[in-house]
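One letter stands for each residue in the lines below.
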Amino acid sequence: MKRSLALFAVLLLILPLCSCAAKPAEQSFFAMNTVMSVRIWHDDGAAADAAAVQALVNTLERALSVTNPGSEIAQLNGTGSGTLSDDTLYLLEKTLALSARTGSALDPTLYPIVRLWGFTTDAFRVPSEEEIAAALKSIGTEHITQSGNTVTLADGTMLDFGAVAKGYAAQKSAEFLTRSGVEAAMLSFGGNIQTVGSKPDGTDWKIGIQDPFDAASNAAVLSLSGSGAVVTSGGYQRYFEENGETYCHIMDPKTGAPVQGDLASVTIVAPNGMLADGLSTALYVMGFDDACEFWRTSDDFEAILITNAGDIYITEGLDGRIDGAQYQVITR
Ligand code: AMP
Ligand code: MG
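This is a predicted model, so every value here is computed, not measured. (Residues numbered from 1 in each chain as written. Chains lettered and ligands numbered in written order. Predicted model: local features only at pLDDT ≥ 70, side-chain atom pairs only at ≥ 80, totals over all residues. Heavy atoms only, no water.)

Student: Pulling in residues and values, what's your account of the coordination of the magnesium ion (ligand 2)?
Tutor: Bound to the magnesium ion (ligand 2) are the protein donor atoms Ala163 (O), Asp277 (O), Asp277 (OD) and Thr281 (OG1), situated 2.1 to 2.4 Å from the metal. When the donor residues of the magnesium ion (ligand 2) are listed from N- to C-terminus, their spacing reads A-x113-D-x3-T. Of this pair, Ala163 sits in the loop between β5 (150-153) and α7 (165-179) while Asp277 sits in helix α8 (residues 273-286), and the two are 114 residues apart along the sequence. (Donors = N, O, S within 2.8 Å, 3.2 Å for Na, K, Ca; no water. Helix = DSSP H or I, 4+ residues; strand = E, 2+ residues; numbered from the N terminus.)

Below, the structure is given as structure tokens:
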């Protein structure tokens, strides 16, 4: 609930930034554990399109939720084998590819670890080293076998698409809206922003990047033209404290423990939502130096890195697109 309120606060911060000529049709709903909003400009059937987006997200959530016992993923996790729908299989394949590309910084098999720390139930606890070592044995994408749509998991291995699901949902929604002829829309799915087309008044989309040290403020405002995804990951989004230590919801697959890195948040700007969501989580795990190096060897995204010291770094493709902040540019 704390997380939902924080995300809602972010949403409220973002909304006033988007003053556009025509008034958009707007719909907000709660799904995937967060507040989602859909705003559509310039379309006769905007309200119906927004409702269709909500239905699309609900369908994805029904397939992917780890906590809903009826979902495809919960059943797969429970029985160790299952036949996935084409959509879920596509997401699995894309996630596995991104996991390999990020050297397993993004790892969809981390669910037993996420659960051990209580992040699925809010019953937070610091597990013993023995518990972590035992759970780590079933972590790793090599424990997944696939034949057609049938997926089999090794004993103890479980999947979780928490790091990519909201971005994927936003991406699918944007694809749907584009197919429906919508010329301008902005989706805000928790920390995931997806723009469709260009604002009717021709100005750039303005996207507030939350200050990781102050939920009520933006650290910067990003200007974006055209369709794209902007996704932020950070330990501040969900965490618990015990004995003066802070433990966040993003896990380091190497240690089986919450990331204790040098980054406060990572924002990824990319053409599609699933890529942006997966990379925001992965670069947060990597930490500043490896994240910079990863960007240097990539050509499909830009990033804003805010360090624990409060310094803001942007990759050079975003130079000139950031307002309201002092920053340093990461070059190739
Ligand atoms: P995000 O908020 O997109 O950064 O994703 C974080 C969520 O993904 C967590 O709440 C977990 O459910 C899951 N998760 C945590 N650590 C990882 C990781 N290293 N790789 C993949 N999923 C993760
Ligand atoms: Mg993510």
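Student: Talk me through the site of ligand 1; I want residue IDs and the actual numbers.
Tutor: Contacts to ligand 1 come from 15 residues, most closely from Ala105, Asp160, Ser233, Met251 and Thr281. Take Thr281: an N or O atom from its side chain is 2.7 Å from an oxygen atom of ligand 1. Considering ligand 1 on its own, with 500 Å² of exposed area, one finds that the protein chains cover 93% of that surface. Looking at which element gives the most residues to the shell around ligand 1, the answer is α8, with 3 residues. Within the shell around ligand 1, the residues separate by chemical class into 8 nonpolar, 4 polar and 3 charged. (Near = heavy atom within 4 Å. Polar contact = N/O pair within 3.5 Å; in protein donor to acceptor, adjacent residues only side chain to side chain. Areas by Shrake-Rupley, 256 points an atom, 1.4 Å probe, with all protein chains shown as cover. Nonpolar A, V, L, I, M, F, W, Y, C, P; charged D, E, K, R; others polar.)

Student: Explain the pattern of salt bridges to me, and be specific about the residues and the numbers.
Tutor: Using the criterion set out here, one finds 7 salt bridges in the structure. Linking Glu131 and Arg125 is a salt bridge whose minimum nitrogen-to-oxygen distance equals 2.8 Å. Across the pair Asp323 and Lys206 runs a salt bridge, and its minimum N-O distance is 4.0 Å. Linking Asp323 in strand β18 (residues 322-323) with Lys206 in strand β8 (residues 205-211), this pair joins segments that are 117 residues apart in sequence. The partly exposed category is assigned to Lys206, whose relative accessible area is 27%. (Salt bridge = Lys/Arg side-chain N within 4 Å of Asp/Glu carboxyl O. Buried < 20%, exposed > 50% of the residue type's maximum accessible area, 1.4 Å probe, protein only.)

Student: Tell me what's going on with the nonpolar core, and back it up with residues and numbers.
Tutor: Within the largest apolar cluster, 69 residues are counted, with the highest numbers of intra-cluster contacts made by Val57, Phe161, Phe189, Ile268, Leu283, Phe301 and Leu305. For this core, the element with the highest residue contribution is α8, accounting for 9 residues. Core analysis: the next-biggest nonpolar cluster, separate from the first, contains 19 residues, Trp205, Leu222, Ile306 and Leu318 among them. (Core = buried A, V, L, I, M, F, W, Y, C linked by side-chain atoms within 4.5 Å.)

Student: Outline the sheet that holds β18, supporting the account with residue identities and numerical values.
Tutor: Taken together, the 3 strands give an open sheet; going across it, the order is β8-β9-β18, and neighbouring strands pair in antiparallel fashion. What marks the edges here is a single partner per strand, and that holds for β8 and β18. Both β8 and strand β9 (residues 214-224) contribute to a ladder of 7 bridges, which runs antiparallel. The residue bridging Gln210 from the neighbouring strand is Asn218, located in β9. (Pairing = 2+ DSSP bridges.)

Student: Describe the sheet that holds strand β17 (residues 312-315), naming the residues involved and giving the relevant values.
Tutor: Strand pairing within a sheet occurs via backbone hydrogen bonds; the two strands may be parallel or antiparallel. Taking strand neighbours across the sheet as the criterion, the 9 strands line up as β1-β2-β6-β7-β10-β15-β16-β17-β19 in an open arrangement whose pairing is mixed. Of all the strands in the sheet, just β1 (25-31) and β19 (328-330) have a single pairing partner and so form its edges. When strand polarity is set aside, the average angle formed by the axes of neighbouring strands in this sheet is 15°. As judged from the 6 bridges shared by strand β15 (residues 263-270) and strand β16 (residues 302-307), these two strands associate in the antiparallel manner. (Axes fitted to C-alpha atoms, helices over the stretch in contact; angles between N-to-C directions.)

Student: Describe unusual backbone geometry, with residues and values.
Tutor: One non-glycine residue, Asn33, adopts positive backbone phi at about 65°. Its place among the elements puts Asn33 in the loop between β1 and β2 (34-41). The residue Ser104 is not glycine, and still its phi comes out positive at about 70°.

Student: Run through the side chain of Asp252, naming residues and quoting values.
Tutor: Looking at where Asp252 falls in the secondary structure, it is placed in strand β13 (residues 251-252). Among buried charged residues, Asp252 stands out as having no salt bridge; its nearest opposite-charge side chain is Lys254, 5.4 Å away. A distance of 2.9 Å separates the side chain of Asp252 from the backbone nitrogen of Lys254, its partner in a polar contact. In contact with Asp252, other than residues within four places in its own chain, are Ala257, Pro258, Val259 and Val285. (Lys, Arg positive; Asp, Glu negative; His and termini not counted. Contact = heavy atoms within 4.5 Å.)

Student: Describe the pairing of β9, with residues and values.
Tutor: Here β8 folds back onto β9, and the loop between the two strands holds 2 residues. Pairing geometry for β9 and β18, over 2 bridges, is antiparallel. Residue Leu222 lies in a different strand from β18, and its bridge partner there is Ile322.

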